[in-house]
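Architecture at a glance
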Amino acid sequence: MLFWNEFRVGRVVISAVAVALLAGGAIGPTVAWAQTSEQGAAVTQERLEAFLEVTGFDVALKSIGLSARDAPAMLGMQAEDFGADWSRVADQVFAPEAVNGMAYEILAQTLTDDLLAHAAGFYASDLGQRLVAVENVSHMVEDDEAQRTEGAALLAAADPDRRAALDRLVAAIDANSTGVAAVREVQVRFLMAASAAGILGNGEGGGFDEATLRALLAEQDAELRETMAANTLNTVAVTYRDISLKDLNAYSEALETPQMRQVYELMNAIQFEIMANRFEVLAVKMADLHPGQAL
């Protein structure tokens, strides 16, 4: 499934000076990640596992762990500031069993059989499986900058029809334009958790509260929106470089159906909720890590 980790493609962090002024406070409210459909029956664990595999959402979930590398930068710090045990702790927090367990729990309560059948039916097709194959590769790319640079070159050489098809596909990914708000929610929850854990400020109140933090981040929303739009388009150009114009338009048509839009809204929300939750857990772990000190 076409899930761009917009936390990665649109990373814009608040300055180290602003971070240093943050103080403790209650962690923000949970993202409203889903609305249960009134139609259809709940799906079984077995069908959920098959659904994740056929759509490629299992790989998209696995790629969430790559976003952990941005955690120190969000705090105005570097990975070295958290010692040699940093990588192990980050991998532990974002372990597949933890991430997948959350996904199954949420999906079991929200994904109805009719929506599952609709999405799985498309992705099980020949075109669907070809799309999933290239998407799975794209999800696990670690050098985001190189990928986006290549995408920019492909866009510059693309004819008007292909460029239009790529623009249409990007619009179908986030039809409700929730990407910026979701990224900000992850950032707020992580920074507030880090503050409460004592990594930022004194962890005892004072300084910036959550409302102030949200206002500070909102000042960068226009920049973030522009960055995300450009990065996503570049990534799409690379991912689907071997997919024909006809098939690109067929994909967009499939994504624009009401059922698929519901599925994507749910899946994108689940991805960001899991990410926010894992970053909150990571903040607590990071508070116990120091250079030269294991957890």
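The rules behind these values
Residues numbered from 1 in each chain as written. Predicted model: local features only at pLDDT ≥ 70, side-chain atom pairs only at ≥ 80, totals over all residues. Heavy atoms only, no water. Helix = DSSP H or I, 4+ residues; strand = E, 2+ residues; numbered from the N terminus. Buried < 20%, exposed > 50% of the residue type's maximum accessible area, 1.4 Å probe, protein only. Contact = heavy atoms within 4.5 Å. Areas by Shrake-Rupley, 256 points an atom, 1.4 Å probe, with all protein chains shown as cover. Axes fitted to C-alpha atoms, helices over the stretch in contact; angles between N-to-C directions. Parallel < 35°, antiparallel > 145°, perpendicular 65-115°, else oblique. Nonpolar A, V, L, I, M, F, W, Y, C, P; charged D, E, K, R; others polar. Expected span 1.5 Å × (residues − 1). Phe/Tyr/Trp six-rings, centres within 6.5 Å; stacked < 30°, edge-to-face > 60°. pLDDT = per-residue confidence, 0-100. Salt bridge = Lys/Arg side-chain N within 4 Å of Asp/Glu carboxyl O. Lys, Arg positive; Asp, Glu negative; His and termini not counted. Polar contact = N/O pair within 3.5 Å; in protein donor to acceptor, adjacent residues only side chain to side chain. Arc of directions from axis to C-beta.

Looking only at helices and strands, the protein has 16 helices and 0 strands in total. Relative to its 295 residues, the protein shows a buried fraction of 49%. When contacts within the protein are restricted to residue pairs at least 6 apart in sequence, long-range pairs at least 24 apart make up 91% of them. Accessible surface computed for the protein: about 13,000 Å², of which carbon and sulfur atoms make up 53%.

Let's shift gears to the packing of helix H8 (residues 113-123) against helix H16 (residues 258-286). Put simply, H8 and H16 touch, their axes get as near as 9 Å, and they point 100° apart. The pairing of H8 with H16 is recorded here as roughly perpendicular in orientation. Where H8 approaches H16, its residues Leu115, His118, Ala119, Phe122 and Tyr123 are matched on the opposing element by Gln259, Met260, Gln262, Val263 and Tyr264. Its residues placed into classes, the contact of H8 with H16 shows 7 nonpolar, 3 polar and no charged.

Another aspect to go through is the environment of Thr178. Here Thr178 shows up in the loop between helix H11 (160-173) and helix H12 (179-196). In this structure, the C-alpha to C-alpha distance between Thr178 and Glu265, residues 87 residues apart in sequence, is 9.0 Å.

Let us look at helix H7 (residues 96-110). For H7, which comprises 15 residues, the first-to-last C-alpha distance of 21 Å matches the rise-based estimate of 21 Å (1.5 Å per residue) to within 8%. Looking at the buried positions of H7, the neighbouring elements they touch are helix H3 (45-55), helix H4 (57-63) and H16.

Geometrically, a pair of aromatic rings is defined through the distance of the ring centres and the angle of the planes. With the rule as written, the count across this model stands at 7 aromatic pairs. Ring centres of Tyr123 and Tyr251 lie 6.2 Å apart, and the angle between their planes is 90°; this geometry places the pair in the edge-to-face category. Residue Tyr123 is found in helix H8, and its partner Tyr251 is found in helix H15 (residues 245-255); the two are separated by 128 residues along the sequence. As far as the burial class goes, Tyr123 and Tyr251 line up, both buried. Ring centres of Phe190 and Phe279 lie 5.1 Å apart, and the angle between their planes is 75°; this geometry places the pair in the edge-to-face category. Here Phe190, found in helix H12, pairs with Phe279, found in helix H16; they are 89 residues apart in sequence, far enough to count as distant.

The next point concerns the confidence of the model for the protein. On average, residues of the protein score 82 in pLDDT, and 80% of them are at 70 or above. Mean pLDDT in the protein bottoms out at helix H2 (residues 16-20), which sits at 37, and peaks at H15, which reaches 97. Across residues 10-41 the pLDDT falls below 50, and counting only partners more than four positions away or on other chains, this stretch makes 92 contacts in the model. Here residues 203-207 is a poorly scored stretch, pLDDT under 50, and it has 10 contacts once near neighbours within four places are set aside; other chains count.

Bringing the pattern of salt bridges into the picture now. Charged atoms that come close allow side chains of opposite charge to pair. Tallied over the full model, the rule gives 13 salt bridges. Residues Asp221 and Arg184 are paired through a salt bridge, measuring 2.8 Å at the closest nitrogen-oxygen approach. With Asp221 in helix H14 (residues 221-239) and Arg184 in helix H12, the pair connects residues that are 37 residues apart, well separated along the chain. Residue class for Arg184 comes out buried when judged on its relative accessible area of 7%. Sharing partners across several salt bridges, the network here consists of Asp126, Arg130 and Asp247.

As a further point, take the side chain of Arg162. Mapped onto the elements of the fold, Arg162 is located in helix H11. No salt bridge forms around the buried Arg162; measuring N to O, its nearest opposite-charge neighbour Asp159 is 6.9 Å away. There is a polar contact of 2.6 Å between the side chain of Arg162 and the backbone oxygen of Tyr240. Filtering out sequence-adjacent residues up to four positions away, Arg162 remains in contact with Tyr240, Arg241, Ile243, Ser244, Leu245 and Leu248.

Okay, the environment of Asn231 next. For Asn231, the position within the fold is in helix H14. Separated by 87 residues in the primary sequence, Asn231 and Asp144 place their C-alpha atoms 9.2 Å from one another.

Glancing now at H15. The set of residues buried in H15 consists of Asp247, Leu248, Tyr251, Ser252, Ala254 and Leu255. Angularly, the buried residues of H15 cover 160° about the axis, an arc narrow enough to put them on a single face. Turned more than 90 degrees away from the buried face of H15 sit Lys246 and Glu253, all of them exposed. Where the residues of H15 are buried, they touch H8, helix H9 (126-139), H11 and H16.

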